[in-house]
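Take a look at the letters that make up each chain.
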Amino acid sequence: MVTSILPLRLENVTVEKKGIKLIDGLNYEFPSKGITFIIGGNGAGKTTLLRLIHQLEQPSIGKIIYNCPMDQIKFHSAFVFQSPILLYRSVYENLKLPLKQNNIAIGEIQKSIEITAKKFKIDHLLQLQAHDLSGGQKQKVAIARAWIAKPQLLSLDEPCANLDAKSVMAIEKMILEISQHIKIIMTSHDIRQAKRLADHILLLDKGKQIAAASKNVFFRDHKTLLAHNLINGDIIC
Amino acid sequence: MADFSQAFYAALSLIFSFDENLVDITLRSLYVTFCAVSLSCFIGLPAGAFLAVTNFKAKKIILAIIHGLMGLPPVVVGLCVYMLLSRSGPLGIFGLLFTPKAMILAQVIIITPIITTLTFQAITPLWHYYQDLLNSLDMNFPQKMKTLLWDGKNQLLTAALAGFGRGIGEVGALMIVGGNIDQVTRVLTTAITLETSRGDFALALALGFILIFITLLFSIFIYVFGNKRGAALW
Ligand SMILES: Nc1ncnc2c1ncn2[C@@H]1O[C@H](COP(=O)(O)OP(=O)(O)OP(=O)(O)O)[C@@H](O)[C@H]1O
Ligand SMILES: [Mg+2]
């Protein structure tokens, strides 16, 4: 029986660097299913929060409580970074990385890569060098690589930044499909995207939680001024 | 001028007749430097990668020292190795002085700081870029090192080639610890020195041509690999 990493709870999580609070006393429980959006403007602390969840950083105060033992967190989760980090290898080799890391049998690896590449429509790119790809293609490879080891939790840090409308549509479709099976936490400063994809929304400003609610509730009663401005102004600046 | 052109033609004819002595010296040169570079890589690649990946207090000092060692005068290295290996020295019992092994040791001391520094310089940016990915995949330290060394392989090859170029052209240290003994420790550089002082310009020039040829070859390799990262070797 595999224990689930979720639900995931932040308890008074605070990150302070050089005397500045980048994350300020967050208390929030990430629901076990669906897509949770972390929205907020530049420097709101979205990336920092994701890094905390994936243990790339430690909170100065407070703690993050996972449902599974600590040493299984990285095994059960995957992180797609704001600017994709791809190995200087072929796309195939990039997809192979997490599988090898999880000690998947060699026979399984090839099959898994083929299935994943088809699913993400990157099968024609497998033999190319990852760094020769376009931005959108790189993003797709990064998401495919995060998905391939079947994590329980997948975090996407602004997966659609710098993409054209068509690529955004393709990636959003991909995210919706993945979210049927995997918990997704993604960041964005595009409120319209949240409207299209989110199940839950966590709104941050200067490291503080401004609002947190399911999508419908969030868009129905936007209590705070910022949430109000945000929704009416469409995009946070 | 006549002397010069005569020596020039004599040198070419020595090379193209595969003069036994010439071949012997060339092979020994390649052998000594190849062994030295291999050993230096064995030390310098992991050491450089380790320094790139870790953060500790004395790191800056260690880097400064290694950087300083790059500029070590080879003659002084030769002197130190000589004292180390001479019969009354601490390693005297092994009887290594005036053998190719002594020359390899001297070259390792000269080349290792170069390879370590170049490895450090190649792996540092790669680590900064890969860091979050490798950490999020929960890689342990050896796995990270392996990934970095593999993906930096073109630049590391460049580092090894640079070490080779440095080693093959080295003369002072090799002269001291090898003794330039015919058929035992005579290599391209020490032979050139000897033949020049003897006045045998034909042989000296022939040896020089070979040395230039080898160094040029390596410079070209360095140029080709130096600008590549990750892609297939050819
Ligand atoms: N190591 C650090 N030292 C000091 N300040 C930092 C450090 N890392 C991040 N910050 C600051 O923390 C704040 C939050 O950064 P973060 O990257 O989490 O923002 P973000 O919400 O992801 O923004 P963006 O939309 O621009 O990606 C920023 O003001 C940033 O300058
Ligand atoms: Mg960010």
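Attention in this report is confined to the structure presented alongside it. The structure displayed is predicted, hence computed values, not measured ones.

## Quick word on the pattern of salt bridges
For step 1, the next point in the chain: Applying the stated criterion across every chain, the model contains 15 salt bridges over all chains.
For step 2, the next point in the chain: Residue Arg 186 of chain B is joined to Asp 182 of chain B by a salt bridge in which the shortest nitrogen-to-oxygen separation is 3.6 Å.
For step 3, the next point in the chain: A residue is classified by how much of its surface remains accessible, and Asp 182 of chain B, at 38% relative accessible area, is partly exposed.
For step 4, the next point in the chain: One salt-bridge network, held together by shared partners, links Lys 17, Arg 51 and Glu 57 of chain A together with Asp 132 of chain B.

## A few points about the nonpolar core
Generally speaking, soluble globular proteins have nonpolar side chains that are buried together.
For step 1, the next point in the chain: Core analysis: the biggest nonpolar cluster contains 49 residues, and Leu 8, Phe 30 and Leu 49 of chain A have the highest contact counts within it.
For step 2, the next point in the chain: For this core, the secondary structure elements donating two or more residues are β1 (8-17), β2 (20-30), α1 (46-53) and β8 (200-205) of chain A together with α2 (20-53), α5 (100-136) and α6 (141-151) of chain B.
For step 3, the next point in the chain: At eight residues, the largest contribution of residues to this core is made by α5 of chain B.
For step 4, the next point in the chain: Two domains share this core, each providing at least three of its residues, namely domain 1 (1-76 + 153-237) and domain 2 (86-150) of chain A.
For step 5, the next point in the chain: Residue contacts for Phe 30 of chain A: discarding those within four places in its chain leaves Leu 6, Pro 7, Leu 8, Leu 10, Thr 36, Ile 38, Leu 49, Ile 53, Ile 185 and Leu 202 of chain A.
For step 6, the next point in the chain: Ranked by size, the runner-up nonpolar core spans 47 residues in total, among them Leu 125, Ala 130, Leu 133 and Val 168 of chain A.

## Considering the sheet that holds strand β6 (residues 153-157) of chain A
Residue and element names in this part refer to chain A.
For step 1, the next point in the chain: The sheet built from six strands is open, its strands ordered β5-β6-β7-β3-β8-β9 with mixed pairing. Of all the strands in the sheet, the pair left with one neighbour each is β5 (77-80) and β9 (208-214). Each strand axis lies, on average, 15° off the axis of its neighbour in the sheet, ignoring direction.
For step 2, the next point in the chain: Inspection of the sheet shows strand β3 (residues 35-39) paired to β8 by four bridges, in the parallel sense.

## With respect to helix α4 (residues 74-85) of chain B
Residue and element names in this part refer to chain B.
For step 1, the next point in the chain: Helix length check: α4 (twelve residues) gives 16 Å between terminal C-alpha atoms against 16 Å at 1.5 Å per residue, within 8%.
For step 2, the next point in the chain: Among the residues of α4, those classed as buried are Pro 74, Val 77, Gly 78, Val 81 and Leu 85. What you see down the axis of α4 is that its buried residues fit within an arc of 100°, all on one side.
For step 3, the next point in the chain: The secondary structure elements touched by the buried residues of α4 are α5, α7 (153-168) and α8 (172-178).

## Some words on the pairing of strand β7 (residues 183-188) of chain A
Residue and element names in this part refer to chain A.
For step 1, the next point in the chain: Along β7, six of the six residues are buried, which leaves the element largely enclosed by surrounding structure.
For step 2, the next point in the chain: Residues of β7 alternate between two faces, with Lys 183, Ile 185 and Thr 187 on one and Ile 184, Met 186 and Ser 188 on the opposite face, all of them buried.
For step 3, the next point in the chain: Alignment of β3 against β7, held across five bridges, turns out to be parallel. Bridge assignment links Ile 39 to a residue of β7, and that residue is Ser 188.
For step 4, the next point in the chain: Note: β6 against β7, five bridges, orientation parallel. Across the sheet, the residue bridging to Leu 153 is Lys 183, located in β7.
For step 5, the next point in the chain: With helix α6 (residues 165-178) bridging β6 and the parallel β7, this β-α-β connection has right-handed handedness.

## Quick word on the interface of chain A and chain B
For step 1, the next point in the chain: In this assembly, 18 residues from chain A lie in contact with 17 residues from chain B.
For step 2, the next point in the chain: Summed over both sides, the interface of chain A with chain B buries roughly 1700 Å², with 58% coming from carbon and sulfur.
For step 3, the next point in the chain: The largest share of the area that chain A buries against chain B comes from Ile 85, Tyr 88 and Gln 101 of chain A, three residues that together contribute 38% of it.
For step 4, the next point in the chain: Applying the counting criterion to the chain A and chain B interface returns two salt bridges.
For step 5, the next point in the chain: Salt-bridge contacts for Asp 151 of chain B lead to Arg 89 of chain A; the nearest nitrogen and oxygen are separated by 2.5 Å.

## As for the packing of helix α5 (residues 135-148) of chain A against α6 of chain A
Residues and elements named next belong to chain A.
For step 1, the next point in the chain: Two elements in contact, α5 and α6, have axes separated by 11 Å at closest approach and are oriented at 10°. Accordingly, the angle class assigned to the pair α5 and α6 is roughly parallel. Each of Gly 136, Gln 139, Lys 140, Ile 143 and Trp 147 in α5 lies in contact with α6, whose residues at this interface are Ala 170, Ile 171, Met 174 and Ile 178.
For step 2, the next point in the chain: Considered class by class, the residues forming the contact of α5 with α6 number six nonpolar, two polar and one charged.

Definitions and limits used
- Residues numbered from 1 in each chain as written.
- Chains lettered and ligands numbered in written order.
- Predicted model: local features only at pLDDT ≥ 70, side-chain atom pairs only at ≥ 80, totals over all residues.
- Heavy atoms only, no water.
- Salt bridge = Lys/Arg side-chain N within 4 Å of Asp/Glu carboxyl O.
- Buried < 20%, exposed > 50% of the residue type's maximum accessible area, 1.4 Å probe, protein only.
- Core = buried A, V, L, I, M, F, W, Y, C linked by side-chain atoms within 4.5 Å.
- Helix = DSSP H or I, 4+ residues; strand = E, 2+ residues; numbered from the N terminus.
- Domains from an automatic or database assignment.
- Contact = heavy atoms within 4.5 Å.
- Pairing = 2+ DSSP bridges.
- Axes fitted to C-alpha atoms, helices over the stretch in contact; angles between N-to-C directions.
- Expected span 1.5 Å × (residues − 1).
- Arc of directions from axis to C-beta.
- Right-handed = clockwise from strand over helix to strand, strands pointing away.
- Buried area = accessible area lost by both parts, 1.4 Å probe.
- Parallel < 35°, antiparallel > 145°, perpendicular 65-115°, else oblique.
- Nonpolar A, V, L, I, M, F, W, Y, C, P; charged D, E, K, R; others polar.

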